[in-house]
Amino acid sequence: MAKITIGAINPDAGSSKNYKTGSWRNMKPVIDYTICNKKCLLCYQYCPDSAVELTEDGPKINYDYCKGCGICAYECPKEAIEMEQEEK
Ligand code: SF4
Ligand code: SF4
């Protein structure tokens, strides 16, 4: 039986890691790093899909898994995240 890890993309077989759910998206979040404070990380905490990654340069959206729900943009206190139309 596969173990369920908490708050992360599960790497075990049959897990969400194998399904690039970003292809469902029709809007995409774009971070303006001239506005982002790079430290509150509410975007990371609120993302229901663990699609915001922490890097040395601040939060980064993993578009392979981001479904474009817009929660990160809604929760960002600096309004540093814009939801843009996805071009496909
Ligand atoms: S919530 Fe907004 S200001 Fe805070 S780290 Fe994320 S993008 Fe930057
Ligand atoms: S749009 Fe939704 S899924 Fe994508 S990074 Fe923001 S909160 Fe996560």
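Numbers given for residues are sequential positions, taken from 1 along each chain in its written order. Here every chain gets a letter starting at A, and every ligand a number starting at 1, in the order they are written. Where local features are concerned, this predicted model is filtered to residues with pLDDT of at least 70; where side-chain atom pairs are given and counted, the filter is 80 or more; whole-chain, interface and lining totals use all residues. As a rule here, side-chain values cover all heavy atoms of the structure and leave hydrogens and water aside.

Caption draft 1: Geometry of the packing of aromatic side chains. A pair of aromatic rings is counted whenever rings of Phe, Tyr or Trp (Trp by its six-membered ring) have centres within 6.5 Å, and the orientation is called stacked for planes under 30 degrees apart, edge-to-face for over 60 and tilted otherwise. Throughout the structure, instances matching the rule amount to zero aromatic pairs. Stacked on the ring of Tyr-63, the Lys or Arg Lys-28 has its end atom at 5.1 Å from the ring centre. Any Lys NZ or Arg CZ found within 6 Å of a ring centre and within 35 degrees of that ring's normal is scored as a charge over the ring.

Caption draft 2: Region of the structure containing the site of ligand 2. Definition of nearness: a residue and a molecule or strand are near each other if at least one heavy atom of the residue lies within 4 Å of the molecule or strand. With respect to spatial proximity, 13 residues lie near ligand 2, and among them Cys-47, Cys-66, Cys-69, Gly-70 and Cys-72 are the closest. Under the scheme applied, nonpolar residues are Ala, Val, Leu, Ile, Met, Phe, Trp, Tyr, Cys and Pro; charged residues are Asp, Glu, Lys and Arg; polar residues are all the others, including Gly. Per-class residue counts for the shell around ligand 2 are nine nonpolar, two polar and two charged.

Caption draft 3: Layout of the site of ligand 1. In the vicinity of ligand 1, the residues found are Cys-36, Asn-37, Lys-38, Cys-40, Leu-41, Leu-42, Cys-43, Pro-59, Cys-76, Pro-77, Lys-78 and Ile-81. Residues of the shell around ligand 1, tallied by class, amount to nine nonpolar, one polar and two charged.

Caption draft 4: Seen up close, the side chain of Asn-62. Mapped onto the elements, Asn-62 comes out in the loop between β3 (58-61) and α2 (71-75). Between buried and exposed lies partly exposed: a residue is buried under 20% and exposed over 50% of the maximum accessible area for its type, with that area taken using a 1.4 Å probe on protein chains only. Classification of Asn-62 by relative accessible area gives buried; the value is 15%. Any pair of N or O atoms that falls within 3.5 Å is considered a polar contact. Within protein, one atom must be able to donate a hydrogen and the other to accept it, and sequence-neighbouring residues count only if both atoms are side-chain atoms. Of note is the side chain of Asn-62, whose polar atom sits 2.8 Å from the side chain of Glu-53. We call two residues contacting when some pair of their heavy atoms lies within 4.5 Å. For Asn-62, the contacting residues outside a window of four places in its chain are Ala-51 and Glu-53. Counting from the N terminus, the helices are the DSSP runs of H or I reaching at least four residues and the strands are the DSSP runs of E reaching at least two.

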